[in-house]
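Now for the letters of each chain:
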Amino acid sequence: MMKIVPNTGDSSNNEISTNKVNSSESPWVEKYRPIYLDDIVGNEETIERLKAISRDGNMPHMIIAGLPGIGKTTSIHCLARALLGTSYKEAVLELNASDERGIEVVRGTIKKFAQKKVNLPPGRQKIIILDEADSMTAGAQQALRRTMEIYSQTTRFAFACNMSNKIIEPLQSRCAILRFARLSDEQVCKRLMKIINLENVKFSDDGISALIFSAEGDMRQAINNLQSTVSGFDFVNADNVFKVVDQPHPLIVQEMIKACSKQNIDEALISLKKLWAKGYSAVDIISTMFKVTKSIQDLSEKKKLNYIKIIGLSHMRILDGIATYLQLEGCLAKLCKI
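An unreviewed UniProt entry lists the protein under the name Replication factor C subunit 4, from Magnusiomyces paraingens. Entered under Subcellular location (unreviewed entry) in the UniProt record, the comment concerning the protein runs "Nucleus". Quoted straight from UniProt, the Sequence similarities (unreviewed entry) entry for the protein says "Belongs to the activator 1 small subunits family."

A few words on the confidence of the model for the protein. Parts of the prediction with low pLDDT should not have their coordinates interpreted in detail. Looking at the protein as a whole, the pLDDT averages 87, with 91% of positions reaching at least 70. Segment residues 1-15: pLDDT under 50, and 47 contacts once partners within four positions in sequence are set aside and those in other chains are kept.

So, about the side chain of S214. Assignment of secondary structure puts S214 in helix α9 (residues 205-215). Owing to a relative accessible area of 2%, S214 belongs among the buried residues under this scheme. For S214, the side chain forms a polar contact with the main-chain oxygen of L211, separated by 3.1 Å. Not counting the four nearest positions on each side in its chain, S214 is found in contact with Q221, N225, V241, V245, Q247 and K291.

Now for helix α3 (residues 72-84). Given a rise of 1.5 Å per residue, 13 residues ought to cover 18 Å, and the 18 Å separating the end C-alpha atoms of α3 matches this to within 8%. Most of α3 sits inside the fold, with eleven of its 13 residues counted as buried. Within the sequence span of α3, burial applies to K72, T73, T74, S75, I76, H77, C78, L79, A80, L83 and L84. At the exit of α3 stands G85, carrying a positive phi of roughly 60°.

Another point: the packing of aromatic side chains. Scanning all chains against the criterion turns up three aromatic pairs. Between F157 and F159, the ring centres sit 6.2 Å apart and the planes meet at 15°, which makes this aromatic pair stacked. Both residues of the pair, F157 and F159, count as buried.

Glancing now at the layout of surface pockets. Space left empty within the atom packing is revealed by a probe, the size of a water molecule, rolled over the atoms. Put simply, the largest pocket is a space of about 840 Å³. If you trace the largest pocket, you find 33 residues lining it, with V29, E30, R33, T73 and T74 closest to the centre. Contributions of two or more residues to the lining of the largest pocket are made by α1 (28-31), α3, α4 (88-91), β4 (155-161), α8 (185-199) and α10 (219-233). A total of five residues in the lining of the largest pocket trace back to one element, the largest contributor, which is α3. Per-class residue counts for the lining of the largest pocket are 15 nonpolar, seven polar and eleven charged. Looking at the lining of the largest pocket, you find at least three residues from each of domain 1 (28-179) and domain 2 (185-245).

Annotation of the protein at the domain level lists domain 1 (28-179), domain 2 (185-245) and domain 3 (250-337). A separation of 26 Å is found between the C-alpha centroids of domain 2 and domain 3.

For the structure shown, the criterion picks out one cavity of 30 Å³ or more. Quantified by volume, the largest cavity comes out at close to 30 Å³. Lining the largest cavity, in full, are G57, M59, L83, L84, R124, Q125 and I127. Classifying every residue of the lining of the largest cavity gives four nonpolar, two polar and one charged.

This brings us to the packing of helix α2 (residues 44-56) against α3. The geometry of α2 relative to α3 is characterised by a closest axis approach of 9 Å and an angle of 25° between their N-to-C directions. For the element pair α2 / α3, the angle class is roughly parallel. Crossing handedness for the pair α2 and α3: right-handed. Between α2, through I47, L50, I53 and S54, and α3, the contact on the second element is made entirely by S75, L79, A82 and L83. Of the residues that constitute the contact of α2 with α3, the class distribution is six nonpolar, two polar and no charged.

Across the eleven residues of α9, nine count as buried, placing the element largely inside the fold. Structurally, α9 contributes buried residues whose contacts are with α8, α10, α11 (238-245), α12 (250-261) and α14 (282-295). Just downstream of α9 lies E216, where phi reads positive at about 55°.

Attention now goes to the sheet that holds strand β2 (residues 92-95). Read across the sheet, five strands follow the order β2-β3-β4-β1-β5 without closing on themselves; strand pairing throughout is parallel. Looking at strand neighbours, the two that pair on one side only are β2 and β5 (176-179), the edges of this open sheet. Averaged over all neighbouring strand pairs, the angle between strand axes comes to 15°, with direction disregarded. With six bridges joining them, strand β3 (residues 126-131) and β4 adopt parallel strand pairing. Looking across to β4, one finds that I128 is bridged to F157. Each of β1 (62-65), β2, β3 and β4 touches α3; the most contacted strand, β3, lies at about 175° to it. Lying on the sheet, helix α6 (residues 138-150) is in contact with β3 and β4; it crosses β4 at an angle near 145°.

Thresholds applied
- Per chain, residues are indexed from 1 in the order of the written sequence.
- Where local features are concerned, this predicted model is filtered to residues with pLDDT of at least 70; where side-chain atom pairs are given and counted, the filter is 80 or more; whole-chain, interface and lining totals use all residues.
- Think of the side-chain values as coming from all heavy atoms in the structure, minus any hydrogens and water.
- UniProt positions are given in the numbering used here, feature names are shortened, and annotations may be inferred rather than shown by experiment.
- Confidence of the prediction at every residue is given by pLDDT, a number between 0 and 100.
- By the convention used here, residues are in contact when the closest approach between their heavy atoms is within 4.5 Å.
- Per the convention used, a helix needs a DSSP run of H or I reaching at least four residues, while a strand needs a run of E reaching at least two, with both numbered from the N terminus.
- Under the scheme applied here, a residue whose accessible area is under 20% of the maximum for its type counts as buried, over 50% as exposed, and between as partly exposed, the area being computed with a 1.4 Å probe on protein chains only.
- Side-chain atoms alone can form a polar contact between residues adjacent in sequence; in general such a contact is a pair of N or O atoms within 3.5 Å, and within protein one must be able to donate a hydrogen while the other accepts it.
- Here the expected length of a helix is defined as 1.5 Å per residue gap, with one fewer gap than residues.
- Here a pair means two rings of Phe, Tyr or Trp (six-membered ring of Trp) with centres within 6.5 Å. Their orientation is stacked below 30 degrees between planes, edge-to-face above 60, and tilted elsewhere.
- Buried and open spaces are told apart on a 1 Å grid over the protein atoms alone, a cavity being a set of points where a 1.4 Å probe fits but cannot get out and a pocket being an open set with protein on both sides within 12 Å along at least five of seven lines. Residues with an atom within 4 Å of a point are the lining residues.
- Grid points are joined across faces, edges and corners, and a volume is the space filled by probe spheres set on the points.
- Here the term charged refers only to Asp, Glu, Lys and Arg, the term nonpolar to Ala, Val, Leu, Ile, Met, Phe, Trp, Tyr, Cys and Pro, and the term polar to all other amino acids, Gly among them.
- Residue ranges assigned to the domains are those given by an automatic or database domain assignment.
- Working convention: axes come from line fits to C-alpha atoms, limited for helices to the stretch in contact. Angles between N-to-C directions cover 0 to 180 degrees.
- These descriptions rest on fixed angle ranges, namely under 35 degrees for roughly parallel, over 145 for roughly antiparallel, 65 to 115 for roughly perpendicular, and the rest for oblique.
- For a crossing to be left-handed, the near helix must be turned anticlockwise from the far one by less than a right angle; the clockwise case is right-handed.
- Here, strands pair whenever DSSP counts at least two bridges between them.

Next comes the structure, spelled out in structure tokens:
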């Protein structure tokens with residue numbers, strides 16, 4: 001597994017603002033959620049565009065697209081605070097995945113809020129945040145077109161979604177599209193170390209590496225896994241982290257991949273049997289194989305690419321429904337032939 005050295009250096013751009021939630025029992029992902037644009041980690045170019053919008057004061061309708069847990073919705077809230085100041089609470093409406101977002105909500109809740117009169121700073125508009133907007137029904141999205149046009153002088157819409165192509169084109173053409181990329185290991189590491197220092201968490205370097213490995217650039221998952229490990233074991237090391245996230249241990253998977261590189265199918269199958277006996281599904285194992293293969297330094301680039309190709313094809317078959325032990329055995333056999 002890739003070794004990551006914790007970076008505890010201070011950076012004014014990445015300072016944590018402790019949110020209003022201060023109870024030690026509260027979720028750390030809420031306790032340390034950024035409240036200003038300067039607090040947000042990663043995606044510097046996109047954040048600079050949001051800062052420019054906050055300085056200009058004229059927010060367009062926007063779509064923010066990207067993977068889960070990298071700060072899309074939080075960024076919109078930070079922008080809303082910068083634009084609206086003390087009017088933030090009454091001038092922002094957020095509808096998230098737990099809400100019904102059919103056509104009736106557009107005609108009712110959203111239209112009612114758009115018509116609501118609020119005292120705002122000069123030149124500012126109310127903001128409606130639609131989280132996971134790509135799960136809205138097509139009818140609801142169509143109904144939004146007219147609402148956006150009628151109330152554009154007083155209300156702006158912000159759509160947070162994983163895939164912008166699931167937003168209908170008429171809405172896309174009315175919005176500025178911003179894309180958020182996956183956070184780097186170093187960015188996740190820096191934020192985790194700040195939280196660890198503030199919470200006086202006991203940890204080891206391999207524990208930090210395990211958190212980063214399991215999160216895959218998802219800051220929310222990294223912080224949740226950190227808190228869960230501390231709550232369950234009071235010490236953050238690799239074994240405790242992988243017990244919490246319940247993923248196949250990368251060291252066992254690494255042994256399996258290295259056995260394949262030596263064309264030792266028997267040794268590779270012993271490692272596979274060990275993981276299967278622990279109850280991990282074919283998807284769990286093949287996904288971890290993919291992540292581990294990318295980080296093994298002993299393999300040549302050419303061999304690594306061939307391995308990833310074979311693992312990817314097996315992953316596709318498993319997702320299609322052929323999630324059997326035989327499928328994993330066949331994958332290892334193909335790896336041994338390279």
